[in-house]
Amino acid sequence: MRIGILGTGGMADALGTQWIRAGHEVLFAGRDLGRAQALARRRGGASGSLREAAAFGTGAVLMALPWDAAVEVAGQLPLDGRVLIDCTNPVGERFRLLTAGGPSAAEQLATAAGAEAHVVKAFNLCHEDVWRLTPPVFDGRPLGVPLSGDDDEALAVVRQLVRDMGCEPFAAGELNQGATLLEATAALLIRLWVGEGVDAQSIAPPGELAGERDADPAASLSRSS
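Analysis parameters
- Residues numbered from 1 in each chain as written.
- Predicted model: local features only at pLDDT ≥ 70, side-chain atom pairs only at ≥ 80, totals over all residues.
- Heavy atoms only, no water.
- Helix = DSSP H or I, 4+ residues; strand = E, 2+ residues; numbered from the N terminus.
- Rg over C-alpha atoms; globule rule 2.2 N^0.38 Å.
- Buried < 20%, exposed > 50% of the residue type's maximum accessible area, 1.4 Å probe, protein only.
- Pairing = 2+ DSSP bridges.
- Right-handed = clockwise from strand over helix to strand, strands pointing away.
- Axes fitted to C-alpha atoms, helices over the stretch in contact; angles between N-to-C directions.
- Phe/Tyr/Trp six-rings, centres within 6.5 Å; stacked < 30°, edge-to-face > 60°.
- pLDDT = per-residue confidence, 0-100.
- Contact = heavy atoms within 4.5 Å.
- Expected span 1.5 Å × (residues − 1).
- Arc of directions from axis to C-beta.
- Polar contact = N/O pair within 3.5 Å; in protein donor to acceptor, adjacent residues only side chain to side chain.

Scanning the chain from N- to C-terminus turns up nine helices and ten strands. Relative to the compact-globule value of 17 Å for 225 residues, the chain shows a C-alpha radius of gyration of 18 Å, a close match. Once the C-alpha set of the chain is aligned to its principal axes, its extents read approximately 55 × 35 × 35 Å. Across the 225 residues of the chain, 43% fall into the buried class.

Structural data, given as structure tokens:
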């Protein structure tokens, strides 16, 4: 698969390196071409401009620029027909979710990229160091990666990229709801891990204690109140 990566920071490096190891062709791009060239030399990929990465990524394009630049850049690139993976987190000072009240970062990115781009929210819940693990497995359990998007074919592409890293893809719903939940979850986890210094993983009980599945979540809540 040909993957264009927009960004030269830690997430671009970690995810791009894993996909190169899995046999994909990767082109790194950034606002600083020199940094993209250096990253490509270290990891064995190609480098180019942001526009060249968008054109290169016929399999997928990863948006790994800082959130405050991502939407503007997406509106300037030829992303029609592309699977655009959004791993950004719109978290500001004091761990504030910058998109509270909506629309989510992923929805804003989709609007900027145009109706013919297929945005999938993914890879936003873990620090770059987690994605450098080969594979990310904890206590014998592969890392779960929630995905949110509206296009079945785009979701299938990203599920494969998740599995290529040794992780397990989970469905997190359509973009207009799932992305909002994922971004809010990321803000909470960052607050707990970084701000409070606690083991955020401990907030999730084992699956057998998580409660019964119900077609009507409101009904489950009413029974527990």
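In strand β5 (residues 83-86), alternate side chains face the same way, and those of V83 and I85 on one face and L84 and D86 on the other are all buried. Note: strand β4 (residues 60-63) against β5, three bridges, orientation parallel. Bridging from a neighbouring strand, M63 pairs with D86 of β5. Tracing the backbone out of β4, into helix α4 (residues 67-74) and back to the parallel element β5 gives a crossover that is right-handed. Pairing analysis gives four bridges linking β5 to strand β6 (residues 118-121), with the strands arranged parallel.

Taken in spatial order, the eight strands make up an open sheet running β3-β2-β1-β4-β5-β6-β9-β10, and their pairing is mixed. Of all the strands in the sheet, just β3 (46-48) and β10 (168-171) have a single pairing partner and so form its edges. Pairs of neighbouring strands in the sheet enclose a mean axial angle of 30°, with direction left out of account.

It is worth spelling out the packing of aromatic side chains at this point. Note on aromatic pairs: each is described by the distance of the centres and the angle between the planes. Tallied over the full model, the rule gives two aromatic pairs. With a centroid separation of 5.7 Å and an interplanar angle of 75°, the aromatic rings of W19 and F123 are classed as edge-to-face. Residue W19 is located in helix α1 (residues 10-21), and its partner F123 is located in the loop between β6 and α6 (128-131); the two are separated by 104 residues in the primary sequence. There is no split in this pair, since W19 and F123 are both buried. With centroids separated by 5.2 Å and ring planes inclined at 80°, the aromatic side chains of F123 and W131 adopt a geometry described as edge-to-face.

This part is about the confidence of the model for the chain. In this model, the chain carries a mean pLDDT of 93, and residues with pLDDT of at least 70 account for 94%. Counting interchain partners and residues more than four positions distant, the pLDDT-below-50 stretch residues 220-225 has four contacts.

Time to look at helix α7 (residues 152-164). Taking 1.5 Å of rise per residue, 13 residues should cover 18 Å, and α7 covers 18 Å from first to last C-alpha, within 8% of that figure. Within the span of α7, buried status applies to A154, L155, V158, L161 and V162. Viewed along the axis of α7, the buried residues span an arc of 120°, placing them on a single side of the element. Within α7, the exposed residues directed more than 90 degrees away from the buried face are D152 and E153. The backbone nitrogen of E153 has a side-chain oxygen 3.1 Å away, supplied by the residue at the start of α7, namely D151. Positive phi shows up at G166, right after α7, with a value of about 85°.

Residue P103 follows G102 across a cis peptide bond; omega there is -5°. Tracing the chain through its elements places P103 in the loop between β5 and α5 (105-113). With omega at -10°, the peptide bond leading from T134 into P135 counts as cis. Turning to its location among the elements, P135 is positioned in the loop between α6 and β7 (137-138).

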